[in-house]
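# Structure at a glance
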Amino acid sequence: IKGDSKFFHEIYCQAEKKSALEYLKIIIEHQKQASPETKKDYIYSTTFRMFHKYGYFKWMQSFWFFYLFKQNNPVISLSVLTDIDDIKADDYSTLHILKFDKEKNSYITERTEKRPPYGFDILSAEEIQILKLLSDGLNNRETAKTLNTTEHIIKDKRKRMLKKTWCLNITELIYHAYRNKLIKL
């Protein structure tokens, strides 16, 4: 990892850790509320982006199991980590709480939570409008003229959007915005 990309990676990982910690809090709270007899019947599945050493992200899925030890205190065991990059349809991280149904002899989804990719949930309406114009092929000058503003402001907003979403370039930003239905091509 070179120069600023190392800094970018560290900040991004902190954001992803924050999201993972929020999911972990939900999982722990769920375990606290479950009865001692049913705690072992749950599996927790999360999807998240992992930064690859070559500078891109891969989607991973993990399954969390709880095993009960002394005084009913749960210990987390990560048992499966799978690369799902080729089959992931959107960029939302997810948490699924699955409970074993003894009658059906299979796991059923009890609860699902989805979170937008970090940064994309904080783009303003104006930034999304600029992104849409850029995705339509307009350059900075044409976008500024369309929005009755200056080219400098468009350049500044582009930089801020890249910083907010941690995308490396405008092409990646447009791709993720399209994939997450913020814009239509």
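This is a predicted model, so every value here is computed, not measured.

### Remarks on helix H2 (residues 125–135)
- Within H2, burial applies to Glu127, Ile130, Leu131, Leu133, Leu134 and Ser135.
- Downstream of H2 by one or two residues, Gly137 has phi in the positive range, about 100°.

### A closer look at the environment of Glu151
- The topology assignment puts Glu151 in helix H4 (residues 151–165).
- When the C-alpha atoms of Glu151 and Arg141 are compared, they prove to be 5.2 Å apart, with 10 residues separating the residues in sequence.
- Dropping the residues within four chain positions of it, Glu151 is found in contact with Asn140, Arg141 and Ala144.

### Looking at the pattern of salt bridges
- In the structure shown here, the tally under the stated rule is 8 salt bridges.
- Across the pair Asp136 and Lys132 runs a salt bridge whose closest N-O atoms are separated by 2.9 Å.
- In this structure Asp136 comes out as partly exposed when scored by relative accessible area, which is 45%.
- Among the salt bridges present, the one from Arg160 reaches Asp156, with a minimum N-O distance of 2.4 Å. Note that Arg160 and Asp156 are positioned in helix H4 at a spacing of 4 residues, about one turn of the helix.

### Concerning the confidence of the model for the chain
- Mean pLDDT over the chain works out to 78, with 76% of the residues at or above the 70 mark.
- When mean pLDDT is taken per element in the chain, helix H3 (residues 140–146) scores highest with 96 and helix H1 (residues 3–33) scores lowest with 62.
- When the criterion is pLDDT under 50, residues 1–12 qualifies, and its contacts beyond four places in sequence or with other chains add up to 13 contacts.

What counts, and where the lines are drawn
- Residues numbered from 1 in each chain as written.
- Predicted model: local features only at pLDDT ≥ 70, side-chain atom pairs only at ≥ 80, totals over all residues.
- Heavy atoms only, no water.
- Buried < 20%, exposed > 50% of the residue type's maximum accessible area, 1.4 Å probe, protein only.
- Helix = DSSP H or I, 4+ residues; strand = E, 2+ residues; numbered from the N terminus.
- Contact = heavy atoms within 4.5 Å.
- Salt bridge = Lys/Arg side-chain N within 4 Å of Asp/Glu carboxyl O.
- pLDDT = per-residue confidence, 0-100.

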